[in-house]
Amino acid sequence: MSGLVTYRTFLADSERWVRFEHRPGDIVISTPPKAGTTWTQMLCALSVFDGPDFPAQLDALSPWLDMRTRSEDEVFSIYDRQTHQRFIKTHTPLDGLPIRDDVTYVVVGRDPRDVLVSWEHHKANMDYEALMASIAEAGGLDDPAVAAPTPPDPDPAVRFRQFVEEVPSTDLMSLANVLHHLATGWERRHQPNVGLFHFLDYQRDLVAEMARLSDLCGFDLEPDRLEALAPEAGISRMRDRARDLAPGMAKSDHWKDVAGFFRSGASGEWADRVTPDDMRRYAERLTELEPEPLARWAHEGAQITLV
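The following paragraphs examine the structure supplied in this document. (Residues numbered from 1 in each chain as written. Predicted model: local features only at pLDDT ≥ 70, side-chain atom pairs only at ≥ 80, totals over all residues. Heavy atoms only, no water.)

**Quick notes on the pairing of strand E3 (residues 104-109)**
Here is step 1 of the chain: Counting buried positions along E3 gives six out of six residues, so the element sits mostly inside the fold.
Here is step 2 of the chain: Side chains Thr104, Val106 and Val108 of E3 all project onto a buried face; the interleaved residues Tyr105, Val107 and Gly109 project onto the opposite face, where all are buried too.
Here is step 3 of the chain: Direction of pairing for E3 relative to strand E4 (residues 194-198): parallel, over a ladder of five bridges. Within E4, the residue paired with Val108 across the bridge is Phe197. (Buried < 20%, exposed > 50% of the residue type's maximum accessible area, 1.4 Å probe, protein only. Helix = DSSP H or I, 4+ residues; strand = E, 2+ residues; numbered from the N terminus. Pairing = 2+ DSSP bridges.)

Given below as structure tokens:
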């Protein structure tokens, strides 16, 4: 499909979206990594199935469509067999997706500095040998453009500075890429089928955010039902169910500690790895990359900034 940006890494290929057959009512959850993806999938699952008893593991219900651990045929077949309202995971920004009026797009933001810290814990918990074996089994290593990521710098302060300074790219975890992803939702935020949500707002009032998601996606849940369902998406409850809810578990276990995927990271953990000069440069970089309203929402959430 012309006009779509292609995002290709060793882990994912957005060109699958060109060939995927949507259905009216589909929900596409499009987030930067570590911004609340699984949390949002859980909220959708609780709503679609009206409770915490799902017919399969979350990864089997809502696999990452463009992830190379499954072949295109395999992941398309999973979604094709589903008869319930589908909620589809991707880390592709909206400029890499075909946008349809009869599909709902959910974009979730998080303070980019917290994204970085969470991403580093995520990588440290990943069994790369098992991951690459799954990619090879699915034929994903046949792509000559695929290359495994290089080891990170051992100094967290250096990693923070690299995150801040990296130019926009389709295959890097960087401030520019996180903000670009959120910008593709921000610029469409007034469209009735696009919703912006935020990690901090989930933490502040999960019931209210679940109600917003219900209204956006047409789940039509009563307030008392939302009150009953929301606790099932709490971090402790999800950690207890890690083998049912963690990504990849329906395909292969590529975690060193599967419960550790649901790490309860506090906001602001980045603060002990930066200097005042780093924060001044971070602020400068924000103004270089995105206008203030989007940058403020990306860091603070709260619906009053969506006007």
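**Quick look at the sheet that holds E3**
Here is step 1 of the chain: Pairing in this open sheet of four strands is parallel, and the strands run E2-E1-E3-E4 from one edge to the other. A single partner strand is all that each edge strand has here, and the edge strands are strand E2 (87-90) and E4. Here the strands of the sheet are splayed against their neighbours by 20° on average, with no regard to which way each runs.
Here is step 2 of the chain: Bridge analysis of strand E1 (residues 27-30) against E3 gives four bridges, and the strand direction is parallel. Considered in E3, the bridge of Val28 is made with Tyr105.
Here is step 3 of the chain: Of the strands in this sheet, E1, E2 and E3 are in contact with helix H2 (residues 37-48), which crosses E2 at around 175°.
Here is step 4 of the chain: On top of the sheet, helix H15 (residues 292-300) reaches E3 and E4; it is set at about 55° to E4, its chief contact. (Axes fitted to C-alpha atoms, helices over the stretch in contact; angles between N-to-C directions. Contact = heavy atoms within 4.5 Å.)

**Quick look at the nonpolar core**
Here is step 1 of the chain: Of all hydrophobic cores here, the largest spans 45 residues; its most connected members are Ile27, Phe87, Val106, Leu213 and Ala233.
Here is step 2 of the chain: The contacts of Val106, once residues within four sequence positions are left out, are Ile27, Val28, Ile29, Ser30, Thr40, Gly195, Phe197, Leu213, Leu216 and Cys217. (Core = buried A, V, L, I, M, F, W, Y, C linked by side-chain atoms within 4.5 Å.)

**Observations concerning the pattern of salt bridges**
Here is step 1 of the chain: Tallying each qualifying case throughout the model produces 22 salt bridges.
Here is step 2 of the chain: For the salt bridge of Asp13 with Arg8, the shortest nitrogen-to-oxygen distance reads 3.7 Å.
Here is step 3 of the chain: Asp13 gets classed as buried once you look at its relative accessible area, which sits at 10%.
Here is step 4 of the chain: In this structure Arg8 comes out as partly exposed when scored by relative accessible area, which is 32%.
Here is step 5 of the chain: Salt-bridge contacts for Glu187 lead to Arg188; the nearest nitrogen and oxygen are separated by 3.1 Å.
Here is step 6 of the chain: Through salt bridges with shared partners, a single ionic network connects Glu165, Arg281, Glu284, Arg285 and Glu288. (Salt bridge = Lys/Arg side-chain N within 4 Å of Asp/Glu carboxyl O.)

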